[in-house]
Amino acid sequence: MLEQILLGTYTRRESKGIYQITLDTENGTLSDATLLVEETSPTYLALNQTGDLFNVTSVDGEGGMAAYKHNNGQFDLLNKVTEAGAPPCYVALDEEKQLVFGANYHQGIVHVYRILADGQLEHTDKIVHDEPTGPHENQDNAHVHYTDLTPDRRLVVCDLGTDRVYTYDVSEAGKLSEVAQYVAEPGTGPRHLVFHPNNQFAYLFGELDSTVTVLAYNAADGSFEQVQKVSTLPVGFNEFNGGAAIRISADGRFVYASNRGHDSIAVFATTEDGSKVDRIQLISTEGEIPRDFDLDPTGKFAVVANQNTDNLTLYRRDETTGLLEMIQKDVYAPECVCVYFK
């Protein structure tokens, strides 16, 4: 079977935009990446159910979101909505309400865009966080890093700067109203999270202290409560590291997290109810700064993007044990920071 993967990138050196690459699951190989959409630093992206593309963009020093119409394997630009300042760093969709969410790290803003009938975007709301920031040197300001839906279709937002996870109700018109805040331990730096399939627990990756925190989710009020916190690094490792991406297997039995600095994937086994995790593997990413990775739809492979060394690494995944085995490395992908299976 051939699986198509979209790659979001920076365009500071060699990259020209969004690339596509093929994973051959029968042979366990990745082919060469080819340019799909020429764009300026489309670092994160998402597709809707009809295959239309929404991605981070930058235009003449302004940052925002772009919409492209899918057209026989190609993408035609519909519009770009930008404003002064740096672009967002995350993209998520609400298909039911026809909304796009963006996390603006540099400005500490949650953005909401509406998808119009013709597929174009319009900006509908934004929230600026003004809570106190954490003690780490990288917490000089609010830094929104993640905006995505909860299982009950609220919006959950991770803010690295304020050490908080926010929960918002989302109106049909695309307006946000805060319903809960989880305050992490100082200096955690919440970056991304994933939910267990039972919808009762989430796993929060702390970028600044390289930890995974197990959070109990209360659907009644949208709140989170800490259950467990574990390191993604080996004992005695004291060099620089920044947590990056976190993923969970479809059956909820294993959680994966990437370390930038230690340049590894930490693999955790979950308890049957999802309330605890135990680290069972640390495996090299065979490159520098694994900014993003993902598990393929079959659950049998993982693809890691090493941003600084311009390479992808392919792993075979044991569905029973959760362990990873490297089967291909040095697959060229310039400045890749997002791995998205179509």
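Shown above is the structure to which this text applies.
Right, let's walk through the structure included here. (Residues numbered from 1 in each chain as written. Predicted model: local features only at pLDDT ≥ 70, side-chain atom pairs only at ≥ 80, totals over all residues. Heavy atoms only, no water.)

Here's the deal with the nonpolar core
Okay, step 1: Leu53, Val100, Leu121, Leu193 and Phe224 are the most contacted members of the largest nonpolar core, which totals 56 residues.
Okay, step 2: For Leu193, the residues in contact, after removing those within four places along its chain, are Tyr146, Val156, Cys158, Val165, Ala202, Tyr203, Leu204 and Ile246.
Okay, step 3: Counting residues in hydrophobic clusters, the runner-up holds 17 residues, among them Ile5, Tyr19, Leu30 and Cys336. (Core = buried A, V, L, I, M, F, W, Y, C linked by side-chain atoms within 4.5 Å. Buried < 20%, exposed > 50% of the residue type's maximum accessible area, 1.4 Å probe, protein only. Contact = heavy atoms within 4.5 Å.)

Concerning the sheet that holds strand S10 (residues 99-104)
Okay, step 1: Read from one edge of the open sheet, four strands run S9-S10-S11-S12, paired in antiparallel fashion. Two strands close off the open sheet at either side, each with one partner strand: strand S9 (90-94) and strand S12 (121-128). On average, adjacent strands in this sheet sit at an angle of 20° to one another, irrespective of strand direction.
Okay, step 2: Bridge analysis of S10 against strand S11 (residues 109-115) gives six bridges, and the strand direction is antiparallel. Bridge pairing in S11 links Val100 to Tyr113. (Pairing = 2+ DSSP bridges. Helix = DSSP H or I, 4+ residues; strand = E, 2+ residues; numbered from the N terminus. Axes fitted to C-alpha atoms, helices over the stretch in contact; angles between N-to-C directions.)

A few points about the packing of aromatic side chains
Okay, step 1: Enumeration according to the criterion identifies six aromatic pairs in this entry.
Okay, step 2: Judged by centre distance (5.4 Å) and plane angle (80°), the rings of Phe195 and Tyr217 are edge-to-face. Here Phe195 is found in strand S17 (residues 190-195), whereas its partner Tyr217 is found in strand S19 (residues 211-218), with 22 residues between them in sequence.
Okay, step 3: Taken together through their ring pairs, the aromatic side chains of Tyr44, Tyr90 and Tyr146 make up a single cluster.
Okay, step 4: Across from the ring centre of Tyr10, 3.8 Å away, lies the NZ or CZ of Arg12, which sits over that ring. (Phe/Tyr/Trp six-rings, centres within 6.5 Å; stacked < 30°, edge-to-face > 60°. Lys NZ or Arg CZ within 6 Å of the ring centre and 35° of its normal.)

A word on unusual backbone geometry
Okay, step 1: Its identity is not glycine, yet Asn199 carries a phi of approximately 65°, on the positive side.
Okay, step 2: With respect to the element layout, Asn199 can be found in the loop between S17 and strand S18 (201-206).
Okay, step 3: Its relative accessible area of 37% is what places Asn199 among the partly exposed residues.
Okay, step 4: Its identity as a non-glycine residue notwithstanding, Asp330 has a phi of 60°, on the positive side.
Okay, step 5: If you trace the backbone, Asp330 turns up in strand S28 (residues 324-332).

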